[in-house]
Amino acid sequence: MILYHKYGTLNIMDNKSCLIYCGLKFTVEWYYDKNGKSVANEYYLSASEDLKIKFLVLKKMGDFGKIFDTRKFCNEGDGIYAFKPQPDRYLSFFTYGKKIIVTNGFSKNVDKLPKNEKALAIKYMQDYLDRRKGG
């Protein structure tokens, strides 16, 4: 399914694709588990249209290789990065082939990154890397 907004176009995961956006510098994809479930994609799909438009900030990362406003994208440690379209957070990691994999999304309720959300992103990152090694 492709989602069209007046601010840009995103390819939203269906049963055949995990692609979110293919930019000049990076390809951005949803993480999905071995059963084809994507927590981040499900969170995105449940968001309002206004919040979906804010998510388009990730296009800058795909096209330019960085987001110039560090309030919108930052390193959370352990290989995990956060896209920050207010009030949401989407955790991600960089991997082979100039890819950014978006692992999970949540609504920010506190100043610091919740440990359980970061732990989930690390778990998904490891699962992704393990499955990629396996073929």
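Residues numbered from 1 in each chain as written. Predicted model: local features only at pLDDT ≥ 70, side-chain atom pairs only at ≥ 80, totals over all residues. Heavy atoms only, no water.

S.K.: Help me out: how do you make sense of the confidence of the model for the chain in this one?
M.R.: In regions of low pLDDT, the predicted coordinates are not meant to be interpreted in detail. Looking at the chain as a whole, its pLDDT mean stands at 85, while 87% of the residues score no less than 70. Ignoring residues within four places in sequence, the model shows residues 1-8, a span with pLDDT below 50, making 25 contacts including any to other chains. (pLDDT = per-residue confidence, 0-100. Contact = heavy atoms within 4.5 Å.)

S.K.: How do you make sense of the pairing of strand β8 (residues 99-107) when you look at a structure like this?
M.R.: In the case of a regular strand, side chains alternate between the two sheet surfaces. A large share of β8 lies buried, amounting to 7 of its 9 residues. Sheet topology places strand β4 (residues 27-30) next to β8; 4 bridges connect them, and they run parallel. Residue pairing in the sheet places threonine 27 in a bridge with lysine 99 of β8. From the end of strand β7 (residues 88-95) to the start of β8, which pair antiparallel, there are 3 residues, and glycine 97 there has a positive phi angle of about 75°. (Buried < 20%, exposed > 50% of the residue type's maximum accessible area, 1.4 Å probe, protein only. Helix = DSSP H or I, 4+ residues; strand = E, 2+ residues; numbered from the N terminus. Pairing = 2+ DSSP bridges.)

S.K.: Can you help me understand the nonpolar core in this one?
M.R.: Taken as a class, soluble globular proteins show a tendency for nonpolar side chains to be buried jointly. In this structure, Ile20, Trp30, Phe83 and Val102 are the most contacted members of the largest nonpolar core, which totals 17 residues. Counting residues per element, the ones that place at least two in this core are β3 (19-22), β4, α1 (39-46), α3 (58-64) and β8. Look past the residues within four positions of valine 102 in its chain and what remains in contact with it is Ile20, Val28, Glu29, Trp30, Tyr31, Ala40, Phe83, Tyr90, Leu91 and Ser92. Counting residues in each nonpolar core, the second largest holds 11 residues, with Ile80, Leu91, Phe106 and Met125 among its members. (Core = buried A, V, L, I, M, F, W, Y, C linked by side-chain atoms within 4.5 Å.)

S.K.: Even after reading the chapter, I still don't get α1, so can you show me in this structure?
M.R.: All of the buried residues along α1 are Ala40, Asn41 and Tyr44. An end-on view of α1 places all buried positions within 95° of arc, on one side of the element. (Arc of directions from axis to C-beta.)

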